[in-house]
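A look at the structure
Take a look at the letters that make up each chain.
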Amino acid sequence: MEVAGSRILVVEGDAALAVAKALASDTRQAMLGMLTNQVLNVSELATAMGLPHSTVSFNINQLQAVGLVSVEVEPGTRGQQKLCSKRYDEVRLRLPGAAVESKPNVISVSMPVGSYRHVEARPSCGLVSENKIIGMLDDPRSFFEPEHVYAQLLWFGGDGYVDYAFPNNLPHGAVPSHLELSMEICSEAPQYNEDWPSDITLWINDVEIGTWTSPGDYGGKPSLLMPSWWQTDRTTHGLLKQWSVGAKASMIDGVELSSVGIDQLSLPQTNHIKVRLGVKPDARNRGGMNLFGRKFGNYPQDIVMRVAFDFPRGSGPDVA
């Protein structure tokens, strides 16, 4: 099996720290090199590199956690095997402020994960701030505690959803051309389980953008931003995912999800932008969801929405 094509990962500002740390290893650099034009299982990598199976698994997990490799579990001759593939050919680091300076017609809004409008959750479920558990674990009523606005991590098992209302700051007369939504996210398993798929769907203004299958729920080791009181036998981090809606298609990390275009979202006609993240009741993989804030996981960011826009000729703000 071969992997081809030019694939670029763009990481912004402080969120680049986790990716840089994952790349700061000769072993992981060599693994990425070996996976450039082929898919290998963990045993094949261990044999080719002359390393113990445990060492290869550890380093693959580091690369997977920051989204640089994909791991798929398939039946093998001796049980299951993990097939590893390289997701990107190039990593670009966008420094703080650079995007704003180079693209003035872009609105950026950072939404704390606890500032949801509504949530439907079932156990296992809960939410925590950087200092404590909010309410009671596995009690959906805790999501409506006044302190929920301070949440830095929220989760629910099975199916469910969480709704956000982003302010619509498009200037009058502007025409949106592109929308991006990024967050750190993963499945929700009891404790944690890196082989726990979940079909997570995004809706914007009640339009279904598409579904991404999270490969698992990640824990077992401290994350970069994990509070000191949190235990590593639970979920500690997720994957940074970037959804985008362009003129003719919607994508996640550059891979097309659907043919939904930005005109279908009716952004100029709404006073806020409705965002729903969830797992459908009839999803094939009802593996729940974890959603991370800027003080939890590996990426110091909340849910970030960016909307690029243009003005039709003769209708811009500078036209008298």
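What counts and what doesn't
- Residues numbered from 1 in each chain as written.
- Predicted model: local features only at pLDDT ≥ 70, side-chain atom pairs only at ≥ 80, totals over all residues.
- Heavy atoms only, no water.
- Helix = DSSP H or I, 4+ residues; strand = E, 2+ residues; numbered from the N terminus.
- Rg over C-alpha atoms; globule rule 2.2 N^0.38 Å.
- Buried < 20%, exposed > 50% of the residue type's maximum accessible area, 1.4 Å probe, protein only.
- Phe/Tyr/Trp six-rings, centres within 6.5 Å; stacked < 30°, edge-to-face > 60°.
- Lys NZ or Arg CZ within 6 Å of the ring centre and 35° of its normal.
- Axes fitted to C-alpha atoms, helices over the stretch in contact; angles between N-to-C directions.
- Parallel < 35°, antiparallel > 145°, perpendicular 65-115°, else oblique.
- Left-handed = near helix turned anticlockwise from the far one by under 90°.
- Contact = heavy atoms within 4.5 Å.
- Nonpolar A, V, L, I, M, F, W, Y, C, P; charged D, E, K, R; others polar.
- Pairing = 2+ DSSP bridges.

Under an unreviewed UniProt entry, the chain has the name ArsR/SmtB family transcription factor and belongs to Pelomonas lactea.

Quick look at the overall build of the chain
A tally of helices and strands in the chain yields five helices and 21 strands. Taken over C-alpha atoms, the radius of gyration comes to 20 Å for the chain, in line with the 20 Å a tight globule of 320 residues would show. Principal-axis analysis of the C-alpha atoms gives the chain an extent of 70 × 45 × 35 Å. Put simply, the chain has 320 residues, and 50% of those count as buried.

A word on the packing of aromatic side chains
Across all of its chains, the model carries six aromatic pairs by this definition. Ring centres of Trp-155 and Trp-230 lie 6.1 Å apart, and the angle between their planes is 65°; on these two criteria the pair is classed as edge-to-face. In this pair, Trp-155 is assigned in strand 9 (residues 153–156) and Trp-230 in the loop between strand 14 (218–219) and strand 15 (235–237), connecting sequence segments 75 residues apart. Relative to Phe-311, the ring of Phe-309 has its centre 5.7 Å away and its plane inclined at 85°; by these criteria the two rings are edge-to-face. Phe-311 gets classed as partly exposed once you look at its relative accessible area, which sits at 23%. Feature note: the residues Trp-155, Trp-229, Trp-230, Phe-292 and Phe-296 constitute an aromatic cluster, connected by ring pairs. Sitting over the ring of Tyr-161, Arg-276 keeps its end group 3.5 Å from the ring centre.

Regarding the packing of helix 2 (residues 26–34) against helix 3 (residues 42–49)
Packing of helix 2 against helix 3 leaves a shortest axis separation of 11 Å and a crossing angle of 115°. As summarised for this structure, helix 2 and helix 3 are arranged roughly perpendicular, according to the angle between their axes. Where helix 2 crosses over helix 3, the two elements pack in a sense that is right-handed. Counted together, Thr-27, Ala-30, Met-31 and Met-34 of helix 2 and Leu-45, Ala-48 and Met-49 of helix 3 form the full contact between these two elements. For the contact of helix 2 with helix 3, the residue count by class is six nonpolar, one polar and no charged.

Details of the sheet that holds strand 7 (residues 118–120)
Strand order in this open sheet of five strands is 7-10-19-12-13, and the pairing throughout is antiparallel. Two strands bound the open sheet, and with one partner strand each, they are strand 7 and strand 13 (207–214). Across the sheet, the mean angle separating the axes of adjacent strands is 15° when strand polarity is ignored. Across four bridges, the pairing between strand 12 (residues 198–204) and strand 19 (residues 272–279) is antiparallel. Considered in strand 19, the bridge of Leu-202 is made with Leu-277.

Observations regarding unusual backbone geometry
Here the residue pair Pro-123 and Ser-124 is connected by a cis peptide bond, since its omega of 0° sits within 30 degrees of zero. Looking at where Ser-124 falls in the secondary structure, it is placed in the loop between strand 7 and strand 8 (125–128). In the Ramachandran plot, Asn-205 falls in the positive-phi region, its phi being about 50° despite a non-glycine side chain. Tracing the backbone through its elements, the reader meets Asn-205 in the loop between strand 12 and strand 13. Although it is not a glycine, Asp-253 sits at a positive phi angle of roughly 50°. On the secondary structure map, Asp-253 appears in the loop between strand 17 (250–252) and strand 18 (255–258). You can call Asp-253 buried: its relative accessible area is 14%.

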